[in-house]
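# Structure at a glance
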Amino acid sequence: MDSKLTKKPSATLTINNKQLELPVYAGSVGPDVVDIRKLYSDGKVFTYDPGFTSTGSCESQITYIDGDEGVLLYRGYPIDQLAEHSTFLEVCYLLANGELPNPEELKRFVKDITYHTMLHAQFDRFFEGFRRDAHPMAIMVGTVGALSAFYHDSTDIDDPVQRTVASHRLIAKMPTIAARAFKYHAGQPFVSPRNELDYPSNFLRMCFAVPAEDYKVNPLLARALDVFMILHADHEQNASTSTVRLAGSSGANPFACIASGIACLWGPAHGGANEAALKMLEQIGAVDNIPDFIRRVKDPKSDVRLMGFGHRVYKNYDPRAKAMQKLCHQVLKEVGATDNPMLKVAVELEKIALNDEYFVSRKLYPNIDFYSGITLRAMGFPTSMFTVLFAVARTVGWIAQWTEMMEDSSQKIGRPRQVYTGAPKRDYLALDKR
Ligand code: CMC
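Conventions we followed
- Residues numbered from 1 in each chain as written.
- Predicted model: local features only at pLDDT ≥ 70, side-chain atom pairs only at ≥ 80, totals over all residues.
- Heavy atoms only, no water.
- Helix = DSSP H or I, 4+ residues; strand = E, 2+ residues; numbered from the N terminus.
- Rg over C-alpha atoms; globule rule 2.2 N^0.38 Å.
- Buried < 20%, exposed > 50% of the residue type's maximum accessible area, 1.4 Å probe, protein only.
- Contact = heavy atoms within 4.5 Å.
- Lys, Arg positive; Asp, Glu negative; His and termini not counted.
- Charge placed at Lys NZ, Arg CZ, Asp CG, Glu CD.
- Core = buried A, V, L, I, M, F, W, Y, C linked by side-chain atoms within 4.5 Å.
- Axes fitted to C-alpha atoms, helices over the stretch in contact; angles between N-to-C directions.
- Parallel < 35°, antiparallel > 145°, perpendicular 65-115°, else oblique.
- Pairing = 2+ DSSP bridges.
- Near = heavy atom within 4 Å.
- Polar contact = N/O pair within 3.5 Å; in protein donor to acceptor, adjacent residues only side chain to side chain.
- Areas by Shrake-Rupley, 256 points an atom, 1.4 Å probe, with all protein chains shown as cover.
- Nonpolar A, V, L, I, M, F, W, Y, C, P; charged D, E, K, R; others polar.
- Disulfide = S-S within 2.5 Å.
- Salt bridge = Lys/Arg side-chain N within 4 Å of Asp/Glu carboxyl O.
- Expected span 1.5 Å × (residues − 1).
- Phe/Tyr/Trp six-rings, centres within 6.5 Å; stacked < 30°, edge-to-face > 60°.
- Lys NZ or Arg CZ within 6 Å of the ring centre and 35° of its normal.

On to the overall build of the protein, then. Across its full length, the protein holds 18 helices and 6 strands. Radius of gyration (C-alpha) of the protein: 23 Å, near the 22 Å computed for a compact globule of 434 residues. Here the C-alpha coordinates of the protein stretch approximately 75 × 65 × 55 Å along the principal axes. Residues classed as buried in the protein amount to 46% of the 434 residues present. For the protein, restricting intrachain contacts to residue pairs at least 6 apart in sequence, the fraction spanning at least 24 positions comes to 70%. Here the protein contributes 49 positive and 50 negative side-chain charges, whose respective centroids are spaced 5 Å apart.

Have a look at this one:
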């Protein structure tokens, strides 16, 4: 990746009676950055930024978020336009290659992904090692990491061809693995991919078809799944993407890196929030119980949070949440569940929270997870699969960010510093003297 940073007038920092000139750079849009790489060597201090709230870890040309304005762009294209007009595989091509494909490029890419969807036959035996009641995310973490044991011919990270093959394999095989995790949990036989189906239809079929009867894909639900995946495809340097980059910075192979991203995504503050949001809506149960729930959320002594609300970066309505809300209504209409009690609770909860001083003053708006759980449940997915679907969609973002890092000559192994507040040096005390 060629750097596109533009130099701006430098900043001056006075520290330890020394003046340091710190270079300042501008990107194409968004805030400028202060380059502190020489801060320790020249000033003998570190920066302190737990949670990386003000720290840029890399230069990237993939995704842009303006959290105050509620803007999300993939390679410059607004998320709402992509959700309206594009397909998930076209978005995958865009994220991975930087430009929208022409018809020939898209045809070739779709074929390439389609013909990588099958898994090595030996791979299926892995699933049997898990308990039937294992969480599908536990199965995902284990099996995706195991891909590196099956596809040795795409683990040489210094070979661009192998990197591309690994990327295509991951995008192609994730739905097959996810569907197997689902089927294993349900105690049903695995369903193999079919090359005549498009990506979302194939995934729905692998999840819901059973040998006892024919399965007909509902095109509206397939399109809904496609849009869900577009909305989740990338989100710049979030926790799981940063995990993938950090794992990759040591030279780990792409399958191992994506497995680390899946592990991070699982947490309820990140990808696990869609599962947690639905559980919360179920727990509230009815519109009448909302005031009591809101009281508990606002109680400083309680650690109850309104799941599906708030975001580290968005301090305005999450643009993905708007598209997700629309999708949710379409899906519920299609499956005849418009009087779903959880939807009623969600709509009312959103209304109350958007007008409540506690949420308004903290800029807490619905995020994408608020409506995605209800949508996925209406499509037939159990709660435990929600984060798995997020992982399937986010794989392209992880792999595009990993590839960008591999092509960036300025990247080094990730190695944050710390401020140590433990015991200073002291001598070991023999056991009988303690
Ligand atoms: N419900 C109630 N209060 C909240 C919430 C919430 N969901 N989120 C933040 N707050 C309050 C928090 O208590 C704090 O209040 P105070 O200043 O009085 O102590 C203030 O808002 C700032 O919170 P924070 O924890 O410092 O904010 P953060 O930027 O570190 O956290 C977050 C971001 C997403 C972890 C958090 O908003 C949260 O836990 N949300 C619920 C989980 C969720 O929906 N996560 C999905 C994120 S979107 C999907 C993804 O990208 O992975």
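Core analysis: the largest hydrophobic core is formed by 108 residues, its most contacted members being Met140 and Phe381. Of all the elements, helix α18 (residues 386-406) adds the most residues to this core, at 13 residues. The contact partners of Met140, leaving out residues within four places of it in the chain, are Met174, Ile177, Ala178, Ala181, Ile262 and Val388.

The N-to-C vectors of helix α15 (residues 341-355) and helix α17 (residues 369-378) enclose an angle of 170 degrees; their axes lie 11 Å apart at closest approach. When the axis of α15 is compared with that of α17, the two are roughly antiparallel. The segment α15 lies against α17, with Met342, Leu343, Ala346, Val347, Leu349 and Glu350 engaging Phe370, Tyr371, Ile374 and Arg377.

With that settled, consider the sheet that holds strand β4 (residues 63-66). With antiparallel pairing, the 3 strands of this open sheet are ordered in space as β4-β5-β6. Edge positions in the sheet fall to β4 and β6 (77-78), since each of these pairs with one other strand and no more. Examined bridge by bridge, strand β5 (residues 71-74) and β6 share 2 bridges and lie antiparallel to one another. Within β6, the position partnered with Leu73 by the bridge is Pro78.

The next point concerns the site of the ligand. In the vicinity of the ligand there are 19 residues, among which His270, Arg305, Leu306, Gly308 and Arg362 approach most closely. Tyr358 places a side-chain nitrogen or oxygen 3.2 Å from a nitrogen atom of the ligand. One of the side-chain nitrogen or oxygen atoms of Asn367 is found 2.9 Å away from an oxygen atom of the ligand. Considered on its own, the ligand offers 950 Å² of accessible surface; in the complex 72% of this is hidden by protein. A class-by-class count of the residues in the shell around the ligand yields 8 nonpolar, 6 polar and 5 charged.

By the element assignment, Thr395 lies in helix α18. A relative accessible area of 1% means that Thr395 is categorised as buried. Once residues within four sequence positions are removed from consideration, Thr395 is found in contact with Leu170, Ile171, Met174 and Ile258.

What follows covers the state of the cysteines. By the definition in use, this model includes 0 disulfides. Cys257 takes part in no disulfide bond, and the closest cysteine sulfur to it belongs to Cys264, at a distance of 13 Å. With a relative accessible area of 0%, Cys257 lands in the buried category.

Further remarks concern the sheet that holds strand β3 (residues 33-34). Judged by pairing direction, the sheet is antiparallel, and its 3 strands sit side by side in the order β1-β2-β3 without closing on themselves. Each edge of the sheet is formed by a strand with only one pairing partner; in this case those strands are β1 (6-15) and β3.

For the rest of this paragraph, the subject is the pattern of salt bridges. Scanning the model with the defined rule gives 16 salt bridges in all. A salt bridge links Arg194 to Glu196; its shortest N-O distance comes to 3.2 Å. Since its relative accessible area comes to 57%, Glu196 is described here as exposed. For Glu348, the salt bridge is made with Lys351, and the minimal N-O distance between the two is 3.4 Å.

Where β1 meets strand β2 (residues 18-26), 8 bridges bridge the pair, whose relative direction is antiparallel. Along β2, the bridge assignment pairs Lys7 with Tyr25. Here β1 folds back onto β2 in antiparallel fashion, the turn holding 2 residues, of which Asn16 has a positive phi close to 50 degrees.

Taken together, the buried positions of helix α6 (residues 136-146) are occupied by Pro136, Met137, Ile139, Met140, Thr143, Val144 and Ala146. Contact partners of the buried residues in α6: α5 (124-127), α7 (160-186), α11 (254-265) and α18.

Okay, helix α12 (residues 273-284) next. End to end, α12 covers 16 Å across 12 residues, agreeing with the expected 16 Å (1.5 Å per residue, within 8%). Next to the buried residues of α12 lie α13 (290-298), α15, α17 and α18.

Turning to the pairing of β2, a few remarks are in order. In terms of strand pairing, β2 meets β3 through 2 bridges, oriented antiparallel. Its bridge partner lying in β3, Val24 is registered against Val34. Once β2 ends, the chain turns through 6 residues before running back antiparallel as β3, passing Gly30 with a positive phi of about 95 degrees.

Our focus in this paragraph is the packing of aromatic side chains. Using the criterion set out here, one finds 19 aromatic pairs in the structure. With centroids separated by 5.4 Å and ring planes inclined at 40 degrees, the aromatic side chains of Phe88 and Tyr199 adopt a geometry described as tilted. With Phe88 in helix α3 (residues 88-97) and Tyr199 in helix α8 (residues 199-208), this pair connects stretches of sequence that are 111 residues apart. Judged by its relative accessible area of 1%, Phe88 falls in the buried class. Relative to Phe359, the ring of Tyr358 has its centre 5.0 Å away and its plane inclined at 70 degrees; by these criteria the two rings are edge-to-face. Members of the aromatic cluster, connected to one another through ring pairs, are Phe123, Phe126, Phe127, Phe150, Tyr151, Phe190 and Phe255. Of note, Arg132 hangs over the ring of Tyr184, and the distance from its end group to the ring centre comes to 4.1 Å. Cation over ring: Arg417 sits above Tyr40, and NZ or CZ is 5.6 Å from the ring centre.

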